[in-house]
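Given next are the chains, with one letter for each unit.
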Amino acid sequence: MKRARLAKLVVGVVVLTAGLDSLAVPGKASAKIDRLILSKLDDLGIPPSDPCTDEVFLRRVYLDMIGTLPSAVEVRNFLESKGSNKRGDLIEELFDRSEFSSYWALKWCDLLRVKAEFPSNLWPNAVQAYHRWVQTALACNMPYDHFARELLTSSGSNFRVAPVNFYRAVPKREGEEISQIVALTFMGMRTDGWERDKRLGMAAFFGNVGYKKTAEWKEEIVYFDPSKQFLNPETNDPVVPRFPNGDAATFPADQDPRVVFTDWLVDSEIFAQSIVNRVWYWLMGRGIVHEPDDFREDNPPQNQELMNFLAREFVSNDYDLRHIYRIILNSKTYQRSSIHNEGNLSDEVNFSHYQVRRLDAEVLIDAICQITRTTESYSSQIPEPFTFIPENQRSIMLADGSITSPFLDLYGRPPRDSGYESERNNTPSSSQKLHLLNSTHIQLKIMKNQQLLGMYYQQPPNKGGKQQKNKKPKVAYRTPEKTLDRMYLSILSRFPTQEEREVAMMYFRESKLNRRDAATDIVWALLNTKEFIYRH
Amino acid sequence: MNTQDYINAFGNLTRRDMLRYSAAGIGGLALGSPLQASAVKPGKAKAVIQIWMWGGPSHLDTFDPKPEAGADYCGPYTAPIATNVDGIQICQRLPLLAKQADKYSIIRSMTHGVNGHETASYITQTGRLAGTGDVFPCAGAVVSRFKGVDAGYKGLLPPYIVLTKPQGRFSESGFMGLRYKPFATGGKPSASVFSVEGVVQKGITQARQQERRQLLHDLETYGRKMNGNSSFAKMDRCEEQAYELILGDAGKVFDVKTEDANLRERYGRSDFGASCLIARRLVEQGVPYVTINYGGWDTHKKHFDIMSNKLTELDRGFSTLLEDLADRGLLESTIVWWGGEFGRGPKIQWSAPWNGGRSHFGKCFTHVVAGGGFQGGQVIGASNEKGMEVADRPVYPWDLIGSMYEQLGIDTTAQLPHPQGLDVRVSPTEADGMTFGGRLREIMS
């Protein structure tokens, strides 16, 4: 680990800073998180669950951080590792995986409504540019204030200055609609609950966003248009721009009001609070303020001190998102078992145990593809230019919300219509069950990975050193015990228990199915267990 | 509302009832907000079969021929044919549909003016204008809300089924969410075994299904440790429901081999023909909304080559569906709705790169409705002499969809469930800033 970090030092100054901070801080800050959570649990008389095992931690942190299942080899290596800080080291390794930025770009593109077709109508080229920009920002850990500033204040071509697409992915290109999206995205607030004056005051910052076409097909320039003005839709009078805290903003007429607003925003308390709360929600399954995009006075944080602490950490670490991930992931609170005890069975809101959540649609199909060594096909023949996604590309890397599949739809992939977190629907349904239990789609995938089913091809023995050309390789099977270990490691990221081993062996022996079919059924069963379908 | 609240609200339900009512049947999720009794009453129509002409079919080359407009408009289709209704002519490539014209009415004055697929698809299927800040549900999702599980539908088959793929373009269920999305069958309807994803699987015997299920339960180690977790309890109910469908007879509806061979021939052995037949069978089983997602109508190039094949397929499937529904007494209670997101440019694009293609055309196009209380044998509205503009009685998508809701007994002023609790109604009104042509009173009995 030390060596890896040293290697990074030469890469660049940004990484250097982030690296040094993380060395010093996570232990202390994580312990502080734990104290704040425990003191609340203590007050409520709720006993926390036990720490989770290494195998559970490994699977959990892979799924939570990179939306990817650990491979059988990765499971073995981690379980065998004797490192004294192996969990913390793993967290650092996962930050550097390319899937980290892919997975979080997926989340961000949900919130930013990145979609070629209705209602965003960004069109394919701009979708690709926008997604690429988001993913790159996350890969190089762009400070979050910078990230917000780029999205909110950029001007230029939708193909060349990708963050301008923020202003194109709105249902209506008009001050009030734009400010509604800005508040939702960067303040975690829903303006439809605001007083009319407050809404209009914020909308007035976004009345000068101009759009113009170019000679290139579907290219569009987003720019500051001083000739436009936001008018009160009822009275047609000009509206004084007011920050959401009520203060009026005064600035010269040639000043882009988007910049004035963003200056205020990034220094505001709500800016830091809403993002640390989102990260907490993403990792813990429930916000300190919940829903994470519903900050309002009558929806107070479950733990005010914790909220303040995280926001302070965030600002004092220069808006470093990974710092927040890091201190949460290294906490005992994050690393608790999902299995409840007698005292915390009904606790859903105080973080006394890890909260189980169904795998996201894209993560689930990717996991199935990884296990079965198969791929999914995605394409869009409309609108032009047609988009074809390479067969081996992961579903978490899909840039365009309009490119989807029946599976992703079925498993609650968000339509990217509104930017609300709740659009991603991970509630179980019977049709989902039907699909996993009984679809040709899944059955064929399982049968395709012969290695997983324990099959291999035996070369016929050589006689006298000569290859026997006419003889085909013969299908052979590994022992059921070995096959079973492999299945468990690649599907459930652990070894089978003694009891499970007995059940499976009995199935091999007594089901009257041939080896291949029996193995298929065991894989099928494991893919249908809750342990597989859920993050736990 | 959680399950316990639900039980409290509805008194003692048996476990089986709970299964049916709670997890919202196949295709549903958790619990929907309760439906007010007044929101839906028995209507003339019980079901809708939507033939979605994905891509936008030419109105001139189907139900609104313009032989007088000249070769630049009608291409080779210069001789429209008479139908079994005096004074109504349709394209010469639709001879079988010509014999069923008394069963359907042609709306030749559909309009919304949008030429982009995605926005036009949204408008024609939701009956809403684009750019209102919310994404509204399409007609199928609304019918699923008011005639589906929330309204006491108890079938094992999902209440809103699409053959075979979801439409994409926009989210069918809009802000109402996953619960009201269609169940997409997948598979190939014309194949010897139509593998409906999740329902019909080739080669797994019932005995093996049972054995597998036992194996799954025996290996559910972690699930057992989590006894009492509400999310897992929900999942268990979903599994029980799924197995009712997998192990029961309901899936047989997709097997058309039991149908008369002549009838199957008349429908046509194409995917579209088989889909029409299966749609009839689904409606017979009480499924309230079936969409046949019929692609291939976005004919920018080689338009007439494509049409000469596809019109024959369309003619067989659609005409036989109407006749078959009528023969079984189902047409009275089943709306058949035919149409795409727009029509196609009346003026043929002869030059390269189109070389005889037709463009998108949202200003004036044609839809067809039949059954479910809509009279047949009528023409509503008219396009001008070249099919370029509405000449008489404009019909907007919201006029048509609102009329269908009325026939289904759905109160068009009832509230739709909205995730932020906003007050939104089934159909828009003038207050939404829209122009109306009026519901289709002239053919609503």
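Residues numbered from 1 in each chain as written. Chains lettered and ligands numbered in written order. Predicted model: local features only at pLDDT ≥ 70, side-chain atom pairs only at ≥ 80, totals over all residues. Heavy atoms only, no water.

Novice: Got a minute to help me understand the overall build of chain B in this structure?
Specialist: Across its full length, chain B carries 13 helices and 14 strands. Radius of gyration (C-alpha) of chain B: 23 Å, near the 22 Å computed for a compact globule of 445 residues. Dimensions along the principal axes, computed over C-alpha positions, put chain B at roughly 75 × 50 × 45 Å. Within chain B, the fraction of its 445 residues that count as buried is 60%. When the accessible surface of chain B is split by element, carbon and sulfur atoms take 49% of a total near 16300 Å². Computed over 49 positive and 46 negative side-chain charges, the inter-centroid distance for chain B is 3 Å. (Helix = DSSP H or I, 4+ residues; strand = E, 2+ residues; numbered from the N terminus. Rg over C-alpha atoms; globule rule 2.2 N^0.38 Å. Buried < 20%, exposed > 50% of the residue type's maximum accessible area, 1.4 Å probe, protein only. Areas by Shrake-Rupley, 256 points an atom, 1.4 Å probe, with all protein chains shown as cover. Lys, Arg positive; Asp, Glu negative; His and termini not counted. Charge placed at Lys NZ, Arg CZ, Asp CG, Glu CD.)

Novice: Just checking my understanding: could you explain the environment of A:Gln393 for this structure?
Specialist: Residues and elements named next belong to chain A. When you line up the elements, Gln393 lands in the loop between β6 (387-389) and α17 (406-410). Exposure remark for Gln393: the relative accessible area of 22% places this residue in the partly exposed category. Taking the C-alpha atoms as reference points, Gln393 and Tyr281, separated by 112 residues in sequence, lie 27 Å from one another. A polar contact of 3.3 Å, which involves the side chain of Gln393, links it to the backbone oxygen of Met397. (Polar contact = N/O pair within 3.5 Å; in protein donor to acceptor, adjacent residues only side chain to side chain.)

Novice: What is the right way to look at the sheet that holds strand β1 (residues 156-157) of chain A in this model?
Specialist: To summarise the sheet geometry, strands pair through backbone hydrogen bonds and adopt either a parallel or an antiparallel arrangement. Taken in spatial order, the three strands line up as β1-β3-β2 (chain A) in an open sheet, and their pairing is antiparallel. Of all strands in the sheet, those bounded by a partner on one side alone are β1 and β2 (209-213) of chain A. (Pairing = 2+ DSSP bridges.)

Novice: In this structure, what is going on with the packing of aromatic side chains? I would like to understand it.
Specialist: Considering all chains together, one arrives at 45 aromatic pairs over all chains under this definition. Between A:Tyr144 and A:Phe271 the ring centres are 5.0 Å apart and the planes differ by 20 degrees, which places this aromatic pair in the stacked class. Taken together, the positions of A:Tyr144 in helix α9 (residues 144-153) and A:Phe271 in helix α13 (residues 269-284) put the pair 127 residues apart, joining distant regions of the chain. For the residue pair A:Tyr144 and A:Phe271, the accessibility class agrees, reading buried in each case. With centroids separated by 3.9 Å and ring planes inclined at 10 degrees, the aromatic side chains of B:Phe272 and B:Tyr294 adopt a geometry described as stacked. With B:Phe272 in helix α11 (residues 271-284) and B:Tyr294 in strand β7 (residues 289-294), this residue pair connects regions lying 22 residues apart in the sequence. For the residue pair B:Phe272 and B:Tyr294, the accessibility class agrees, reading buried in each case. (Phe/Tyr/Trp six-rings, centres within 6.5 Å; stacked < 30°, edge-to-face > 60°.)

Novice: Got a minute to help me understand the environment of B:Ile306 in this structure?
Specialist: All names here are of chain B. Note that Ile306 resides in helix α12 (residues 303-327). Here the alpha-carbon distance between Ile306 and Gly296, two residues ten residues apart in the chain, equals 8.5 Å. Sequence-distant contacts of Ile306, that is, excluding residues within four places in its chain, are made with Gly296, Thr299 and Lys301. (Contact = heavy atoms within 4.5 Å.)

Novice: Which parts of the structure should I look at to understand the domain arrangement of chain B?
Specialist: Many descriptions give the size of an interface as the accessible area lost when the pieces come together. Residue and element names in this part refer to chain B. When the domains of chain B are assigned, the result is domain 1 (43-105 + 119-145 + 152-159 + 168-173 + 260-294 + 304-339 + 402-445) and domain 2 (195-254). For domain 1 and domain 2, the distance between their C-alpha centres works out to 35 Å. Domain 1 puts six residues into the contact, and the matching count from domain 2 is six residues. Among the residues domain 1 hides against domain 2, the three largest losses belong to Leu156, Leu157 and Arg281. Together they make up 70% of the total. Here domain 1 and domain 2 share zero salt bridges between them. Applying the counting rule to domain 1 against domain 2 returns two residue pairs in polar contact (both at pLDDT 80 or more). Considering only residue class, the side of domain 1 that touches domain 2 consists of four nonpolar, one polar and one charged. (Domains from an automatic or database assignment. Buried area = accessible area lost by both parts, 1.4 Å probe. Salt bridge = Lys/Arg side-chain N within 4 Å of Asp/Glu carboxyl O. Nonpolar A, V, L, I, M, F, W, Y, C, P; charged D, E, K, R; others polar.)

Novice: Looking at this model, I keep getting lost on the pairing of strand β1 (residues 47-53) of chain B. Mind explaining?
Specialist: If a strand is regular, its side chains alternate between the two faces of the sheet. All names here are of chain B. Where burial is concerned, most of β1 is hidden: seven out of the seven residues are buried. On β1, burial covers both faces: Ala47, Ile49, Ile51 and Met53 on one face and Val48, Gln50 and Trp52 on the other are all buried. With six bridges joining them, β1 and strand β8 (residues 334-339) adopt parallel strand pairing. Residue pairing for β8: Val48 is matched across the bridge by Ile335. Summarising the sheet, β1 and β7 pair through six bridges and their orientation is parallel. Paired with Val48 across the bridge in β7 is Tyr289.

Novice: What is the right way to read the packing of helix α7 (residues 98-111) of chain A against α13(A) from this model?
Specialist: Each pair of packed helices gets described by two things: the angle between the helix axes and the distance between those axes. Residue and element names in this part refer to chain A. Orientation of α7 relative to α13, taken along the N-to-C sense of each, is 120 degrees, at an axis distance of 13 Å. Taken as axis vectors, α7 and α13 run oblique relative to one another. Seen from above, α7 lies across α13 with right-handed handedness. Facing Trp104, Lys107, Trp108 and Leu111 of α7, the residues of α13 in contact are Ile275, Arg278, Trp282 and Leu283. In terms of residue class, the contact of α7 with α13 is made up of six nonpolar, no polar and two charged. (Axes fitted to C-alpha atoms, helices over the stretch in contact; angles between N-to-C directions. Parallel < 35°, antiparallel > 145°, perpendicular 65-115°, else oblique. Left-handed = near helix turned anticlockwise from the far one by under 90°.)

Novice: Sorry if this is basic, but what is going on with the domain arrangement of chain A here?
Specialist: All names here are of chain A. For chain A, the domain assignment lists domain 1 (22-89 + 270-344), domain 2 (143-267) and domain 3 (430-535). One C-alpha centre belongs to domain 1, the other to domain 2; they are set 33 Å apart. With 14 residues of domain 1 in contact, the opposing surface of domain 2 contributes 14 residues. Of the roughly 1200 Å² buried between domain 1 and domain 2 on both sides combined, carbon and sulfur atoms contribute 58%. By the criterion of area lost to domain 2, the three top residues of domain 1 are Phe271, Asp293 and Tyr319, representing 49% of everything that side buries. For the salt bridge of Asp294 with Arg190, the shortest nitrogen-to-oxygen distance reads 3.9 Å.

Novice: Sorry if this is basic, but what is going on with the interface of chain A and chain B here?
Specialist: The interface is formed by 62 residues belonging to chain A together with 67 residues belonging to chain B. Counting the surface lost from both chain A and chain B, the interface buries some 5600 Å², and carbon and sulfur atoms represent 62% of this. Of all residues in chain A, the largest losses of buried area upon contact with chain B belong to A:Phe118, A:Asn438 and A:Lys530, amounting jointly to 15% of the total for that side. A salt bridge links B:Arg208 to A:Asp517; the nearest nitrogen and oxygen atoms lie 3.9 Å apart.

Novice: In this structure, what is going on with the pattern of salt bridges? I would like to understand it.
Specialist: Opposite charge on two side chains allows them to pair when their charged atoms are near. Residue and element names in this part refer to chain B. For the structure on display, the rule yields 66 salt bridges over all chains. Arg328 is paired through a salt bridge with Glu259; the nearest N and O atoms lie 3.8 Å apart. Residue Arg328 is found in the loop between α12 and β8, and its partner Glu259 is found in the loop between α9 (230-247) and α10 (261-267); the two are separated by 69 residues along the sequence. Shared partners join several salt bridges into a network, and the residues in it are Glu259, Arg280, Arg281, Glu284, Asp324 and Arg328.

Novice: Help me understand α9(B), please; the structure alone is not making it clear to me.
Specialist: Along an α-helix, residues three or four apart share an orientation, since each turn contains 3.6 residues. All names here are of chain B. The terminal C-alpha atoms of α9 lie 26 Å apart, and with 18 residues this matches the ideal 26 Å at 1.5 Å per residue to within 8%. Within α9, the full set of buried residues consists of Phe232, Met235, Arg237, Cys238, Glu239, Gln241, Ala242, Tyr243, Glu244, Leu245 and Ile246. Sitting at the head of α9, Asn229 places a side-chain oxygen 2.9 Å from the backbone nitrogen of Ser231. (Expected span 1.5 Å × (residues − 1).)

Novice: How do you make sense of the side chain of B:Arg212 when you look at a structure like this?
Specialist: Assignment of secondary structure puts B:Arg212 in helix α7 (residues 206-218). B:Arg212 sits in the buried class, given a relative accessible area of 0%. When residues no more than four places from it in sequence are discounted, the contact partners of B:Arg212 are A:Leu437, A:Gln443, A:Tyr507, A:Thr520, A:Asp521, A:Trp524 and B:Ile204.

Novice: Even after reading the chapter, I still don't get unusual backbone geometry, so can you show me in this structure?
Specialist: Peptide bonds are trans in most cases, and residues, glycine excluded, mostly fall at negative phi. With omega at 0 degrees, the peptide bond leading from A:Phe118 into A:Pro119 counts as cis. Although it is not a glycine, B:Asn355 sits at a positive phi angle of roughly 50 degrees. Within the secondary structure, B:Asn355 is located in the loop between β9 (343-344) and β10 (360-361). Taking relative accessible area as the criterion, B:Asn355 reaches 51% and is therefore assigned exposed.

Novice: I keep staring at the sheet that holds strand β4 (residues 104-110) of chain B and nothing clicks. Help me out?
Specialist: Residue and element names in this part refer to chain B. Pairing in this open sheet of eight strands is mixed, and the strands run β6-β5-β7-β1-β8-β11-β4-β12 from one edge to the other. Every other strand in the sheet has two partners, leaving β6 (183-184) and β12 (378-380) as the edge strands with one partner each. Of the strands in this sheet, β1, β5 (160-163), β7 and β8 touch α11, which is tilted by about 175 degrees from β7.

Novice: When you look at the confidence of the model for chain A in this model, what are you seeing that I'm missing?
Specialist: Low-pLDDT stretches of the model should not have their predicted coordinates read in fine detail. For chain A, mean pLDDT is 92; residues scoring 70 or higher make up 93% of the total. This model gives residues 1-24 of chain A a pLDDT under 50, and the stretch forms 15 contacts once residues within four places in sequence are excluded. (pLDDT = per-residue confidence, 0-100.)

Novice: Would you take a moment to explain a positive patch on the surface for this structure?
Specialist: Residues and elements named next belong to chain A. Positive charge collects at one region of the surface, where Arg76, Arg373, Arg478, Lys482 and Arg486 lie side by side. Secondary-structure assignment places Arg373 in the loop between α16 (361-372) and β5 (378-380). According to the relative accessible area criterion, Arg373 is exposed, its value standing at 56%. (Patch = residues over 30% accessible without salt bridge, like charges linked within 9 Å, V, L, I, M, F, W, Y side chains within 5 Å.)

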